[in-house]
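# Fold and geometry: a report
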Amino acid sequence: MKFFHPFTLKGHSEILPAGDYEVLVEEELLQDMNFLGYRKTATYLIVAGKGRTVMREISGKDLEAVLDRDRAANADKQKDGAASSLLEDLK
């Protein structure tokens, strides 16, 4: 998963840098079913730091919110860049 801008996770004050992050989803097999099924039990964002790696638990809803903010900020940045380029072309 790629983040284009620094971000924070709910419940943590640390600002994480932009970059690639791994997401780990734990699931459990649903028993006594007539079909194969799994239920998500936890989601973790893997954060590599100075000499150590930490798994930060995050809800799917909170992860989606962080990604939405990052995508929106990236879209705004691209729009600003396109507008600046257009202004330069008009000169």
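All figures in this text were calculated on a predicted structure; none of them were measured in a lab.

Moving on, we come to the nonpolar core. One finds F3, F7, L9, L16, Y21, L45, V47, I58, L63, V66 and L67 forming the largest nonpolar core, which totals 11 residues. When residues of this core are traced back to their parent elements, those giving at least two are β4 (38-48) and α1 (60-90). Considering each element in turn, this core owes the most residues, three residues, to α1. Beyond its immediate chain neighbours, meaning those up to four positions away, V47 contacts L16, Y21, R52, T53, V54 and R56.

The next thing to look at is a nonpolar patch on the surface. There is a patch of nonpolar side chains on the surface, built from L29, L36 and Y38 and spanning about 340 Å² of accessible area. Considering the arrangement of structural elements, one finds L36 in the loop between β3 (22-29) and β4. Judged by its relative accessible area of 66%, L36 falls in the exposed class.

Procedures and definitions
- Residues numbered from 1 in each chain as written.
- Predicted model: local features only at pLDDT ≥ 70, side-chain atom pairs only at ≥ 80, totals over all residues.
- Heavy atoms only, no water.
- Core = buried A, V, L, I, M, F, W, Y, C linked by side-chain atoms within 4.5 Å.
- Buried < 20%, exposed > 50% of the residue type's maximum accessible area, 1.4 Å probe, protein only.
- Helix = DSSP H or I, 4+ residues; strand = E, 2+ residues; numbered from the N terminus.
- Contact = heavy atoms within 4.5 Å.
- Patch = residues over 30% accessible without salt bridge, like charges linked within 9 Å, V, L, I, M, F, W, Y side chains within 5 Å.
- Areas by Shrake-Rupley, 256 points an atom, 1.4 Å probe, with all protein chains shown as cover.
- Salt bridge = Lys/Arg side-chain N within 4 Å of Asp/Glu carboxyl O.

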